[in-house]
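A closer look at the structure
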Amino acid sequence: MNTPENFLNQDNDSIDIVKEIRYYLFFWPWFLVTVLMFGFGAYFYLRYANTIYQTSATLQVKDASSDPSSFLTEGAGAMFDFGKVKIDNFITQISSKSNFSEVVDRLDLQTQVYAVGRVRQRLVYGDEIPFKIVFKTQQTYQQIRLVLEPFKGILELGDQTTTFDFSLPFETDEFVLIVNADKVTTSQEFLIRRSSRDRTTESLSKSVEISGSSKTGDNIDLTLQGPNIQRSEAIINTLIEVAHQQQKIGKQEIF
């Protein structure tokens, strides 16, 4: 039976619910602004952040009775002839400092070139670079700014700014810069950084992961993460090539 007292309680409950709704509606613009801010933040981060790619190769250790020269022509999937030597020994050999130093020298990894965009810098490598720079010394550079425009270039090093054309190589006491004029059709800006050989070798050795890929120990995985696929592939392939040559030299010394 509904008494006057019950009706009063129901009215009070209704009023409390309306107050709660009005309370939260008062803050809804702030909720909307927060959601939009996080949404735009995520969009710009995904749009302009450097993408990290993973490059990997698998090497198979084969029995010593196999053809000892076959691994020289198998490419990135080559099989190594280490007989019954433990896989840990091979991992130690391929990850030696001398191997990484050789990779650094062959690919000139001491030099890093970044293409400057409106928002971010992008690491470029190989054919993506419209010029070639050859350093004569082991001098390191935190930053060399290079602006390329059709038929001319502007190089900034420290407080000095030099303008040059592409008809002849631009040469200093420390380096030679050769621009491929055919690849310069619009204005482009680059940052060139040069680190020491030892520091580059150490950084590379920490970046490349070498591990056994199976409990039986017949496969070895090489993995490298980086922002430029072409550069990472060149590093992995060159490291395998250097390891092949080192093994060949070891066999010749034994026989």
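If you're wondering where the values come from, they're calculated on a predicted model, not measured in any experiment. (Residues numbered from 1 in each chain as written. Predicted model: local features only at pLDDT ≥ 70, side-chain atom pairs only at ≥ 80, totals over all residues. Heavy atoms only, no water.)

**With respect to the overall build of the protein chain**
A tally of helices and strands in the protein chain yields six helices and 13 strands. When each of the 255 residues of the protein chain is scored for burial, the buried share is 31%. When contacts within the protein chain are restricted to residue pairs at least 6 apart in sequence, long-range pairs at least 24 apart make up 66% of them. Total accessible area computed for the protein chain in this model is approximately 17000 Å², and 53% of it derives from carbon and sulfur atoms. (Helix = DSSP H or I, 4+ residues; strand = E, 2+ residues; numbered from the N terminus. Buried < 20%, exposed > 50% of the residue type's maximum accessible area, 1.4 Å probe, protein only. Contact = heavy atoms within 4.5 Å. Areas by Shrake-Rupley, 256 points an atom, 1.4 Å probe, with all protein chains shown as cover.)

**Quick look at helix α5 (residues 197-207)**
Of the residues making up α5, those classed as buried are Thr 200, Thr 201 and Leu 204. For α5, the angular spread of buried residues about the axis comes to 100°, placing them on one side. Every exposed residue of α5 that faces more than 90 degrees away from the buried side is listed here: Asp 198, Arg 199 and Lys 206. (Arc of directions from axis to C-beta.)

**A short note on the pairing of strand β6 (residues 141-149)**
In terms of strand pairing, β6 meets strand β11 (residues 188-194) through six bridges, oriented antiparallel. Bridge pairing in β11 links Arg 145 to Leu 191. Pairing geometry for β6 and strand β7 (residues 152-157), over five bridges, is antiparallel. Within the sheet, the bridge partner assigned to Leu 146 lies in β7 and is Leu 155. Taken together, β6 and the strand that follows it, β7, pair antiparallel across an intervening segment of two residues, in which Phe 151 is found at a positive phi of about 80°. (Pairing = 2+ DSSP bridges.)

**A word on helix α4 (residues 97-107)**
Those residues of α4 not exposed but buried are Asn 99, Phe 100, Ser 101, Val 103, Val 104 and Leu 107. Trailing α4 by a residue or two, Asp 108 shows a phi angle of about 50°, which is positive.

**Regarding the sheet that holds β7**
Overall, antiparallel pairing links the six strands, which are arranged β4-β3-β11-β6-β7-β8 in an open sheet. One side of each edge strand has no neighbouring strand; the edge strands of this open sheet are β4 (121-124) and β8 (160-164). Within this sheet the neighbouring strands show an average axis-to-axis angle of 25°, counted without direction. (Axes fitted to C-alpha atoms, helices over the stretch in contact; angles between N-to-C directions.)

**Remarks on the nonpolar core**
Membership of the largest hydrophobic core comes to 26 residues, with the highest contact counts inside it found for Val 208, Ile 210, Ile 220 and Leu 222. In terms of residue count, the dominant contributor to this core is helix α6 (residues 229-254) (seven residues). Look past the residues within four positions of Ile 210 in its chain and what remains in contact with it is Ile 91, Ile 94, Ser 95, Phe 100, Ile 220, Asp 221, Leu 222 and Leu 239. Counting 21 residues, the second largest nonpolar core, distinct from the first, contains Ile 129, Tyr 141, Leu 155 and Ile 192. (Core = buried A, V, L, I, M, F, W, Y, C linked by side-chain atoms within 4.5 Å.)

**Details of the confidence of the model for the protein chain**
Of the residues in the protein chain, 73% have a pLDDT of 70 or more, and the chain-wide mean is 81. This model gives residues 64-79 a pLDDT under 50, and the stretch forms 30 contacts once residues within four places in sequence are excluded. (pLDDT = per-residue confidence, 0-100.)

**A word on the layout of surface pockets**
Put simply, the largest pocket is a space of about 400 Å³. Along the walls of the largest pocket sit 20 residues, with Gln 112, Ser 203, Leu 204, Ser 207 and Arg 231 positioned nearest its centre. Mapped by element, the contributors of at least two residues to the lining of the largest pocket are β11, α5, β13 (219-226) and α6. Per-element tally for the lining of the largest pocket: the top contributor is α5, with five residues. Of the residues that constitute the lining of the largest pocket, the class distribution is six nonpolar, ten polar and four charged. Empty space within the second largest pocket amounts to approximately 310 Å³. Around the second largest pocket, the lining is made up of 16 residues, and of these Leu 107, Asp 108, Thr 111, Ile 129 and Ile 133 lie nearest the centre. (1 Å grid on protein atoms, 1.4 Å probe; cavity = no way out; pocket = protein on both sides within 12 Å on 5 of 7 lines; lining within 4 Å. Points joined across faces, edges and corners; volume = space filled by probe spheres on them. Nonpolar A, V, L, I, M, F, W, Y, C, P; charged D, E, K, R; others polar.)

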